[in-house]
Amino acid sequence: MDDFYIVVLVLADLDLEEDVKQAWLDAGASWPISLDATGPALGQGYMRDDIPLFPSLSSLRDLDETDLKFIFTIVREKDTIQKIIAVTEKVIGELNSTRNGVIFAAPLTTVAGLGKITL
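Residues numbered from 1 in each chain as written. Predicted model: local features only at pLDDT ≥ 70, side-chain atom pairs only at ≥ 80, totals over all residues. Heavy atoms only, no water.

A.B. asks: Summarise the overall build of the protein chain; cite the residues concerned and give the values.
C.D. replies: Within the protein chain one finds 3 helices and 4 strands. N-terminal to C-terminal, the α/β element order of the protein chain is β-α-β-α-β-α-β. Here the protein chain holds 119 residues, and the buried ones make up 33% of them. Taking the contacts inside the protein chain whose residues are at least 6 apart along the sequence as the reference set, 81% of them involve residues at least 24 apart. Accessible surface, the protein chain: about 7900 Å² in total, of which carbon and sulfur atoms supply 53%. (Helix = DSSP H or I, 4+ residues; strand = E, 2+ residues; numbered from the N terminus. Buried < 20%, exposed > 50% of the residue type's maximum accessible area, 1.4 Å probe, protein only. Contact = heavy atoms within 4.5 Å. Areas by Shrake-Rupley, 256 points an atom, 1.4 Å probe, with all protein chains shown as cover.)

Written as structure tokens, this is what we have:
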């Protein structure tokens, strides 16, 4: 049985999207895909001191949000995950000390539709 993993990056600097995708390709990823997203600024979360004790849905909806990119790919080898993380940090900077992005990988239990795509 083949093992598959998904690697996902939440990218804060939208100008670096193409550089990250190219770096992932160079690291052995196949067809990285990006999606537009919005959310709190990385590292900010929804920690605010001006939210009432019992907020309404409309007050939560009005929280400051920023544009983000989700970049993801599916890989077969764990070694490729580490390569992707390394090249990502070369492009956007160290992940553990900045608010440039968040990257994670997870095993996939089922993958269908890849056909003869080489991963």
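Let us keep going from here.
A.B. asks: Residue-level account of a nonpolar patch on the surface, with values.
C.D. replies: Taken together, the side chains of Trp 31, Ile 33, Leu 35 and Phe 70 define a hydrophobic patch exposed on the protein surface, amounting to about 310 Å² of accessible area. Relative to the assigned elements, Trp 31 resides in the loop between helix 1 (17–26) and strand 2 (33–39). The class of Trp 31 is partly exposed, set by a relative accessible area of 31%. (Patch = residues over 30% accessible without salt bridge, like charges linked within 9 Å, V, L, I, M, F, W, Y side chains within 5 Å. Salt bridge = Lys/Arg side-chain N within 4 Å of Asp/Glu carboxyl O.)

A.B. asks: Give me the nonpolar core: which residues, what numbers.
C.D. replies: Counting residues in hydrophobic clusters, the biggest one holds 18 residues, and the most contacted among them are Leu 9, Val 20, Trp 24 and Ile 84. Elements with a minimum of two residues in this core: strand 1 (4–11), helix 1, strand 3 (66–75) and helix 3 (78–92). In contact with Ile 84, not counting residues within four places along its chain, are Val 7, Trp 24, Ala 27, Ala 29, Thr 73, Val 75 and Ile 103. (Core = buried A, V, L, I, M, F, W, Y, C linked by side-chain atoms within 4.5 Å.)

A.B. asks: An account of the sheet that holds strand 4 (residues 101–108) is needed here, citing residue identities and associated values.
C.D. replies: Strand order across the open sheet formed by 4 strands is 2-3-1-4, with antiparallel pairing between neighbours. The sheet is open, and its two borders are formed by strand 2 and strand 4, each paired with just one other strand. Within this sheet the neighbouring strands show an average axis-to-axis angle of 20°, counted without direction. Note that strand 2 and strand 3 share 7 bridges and pair antiparallel. (Pairing = 2+ DSSP bridges. Axes fitted to C-alpha atoms, helices over the stretch in contact; angles between N-to-C directions.)

A.B. asks: Report on the pattern of salt bridges, specifying residues and quantitative values.
C.D. replies: Pairs may arise between side chains of opposite charge once their charged atoms sit close together. Per the counting criterion, the structure on display carries 4 salt bridges. For Glu 17, the salt bridge is made with Lys 69, and the minimal N-O distance between the two is 3.5 Å. Of the two residues, Glu 17 is situated in helix 1 and Lys 69 in strand 3; the sequence distance between them amounts to 52 residues. Accessibility expressed as a relative area gives 12% for Glu 17, which makes it buried. Judged by its relative accessible area of 12%, Lys 69 falls in the buried class. Notably, a salt bridge pairs Asp 36 with Lys 69, separated by 2.3 Å at the nearest N-O pair.

Just geometry here; none of it tells us what the structure is for.
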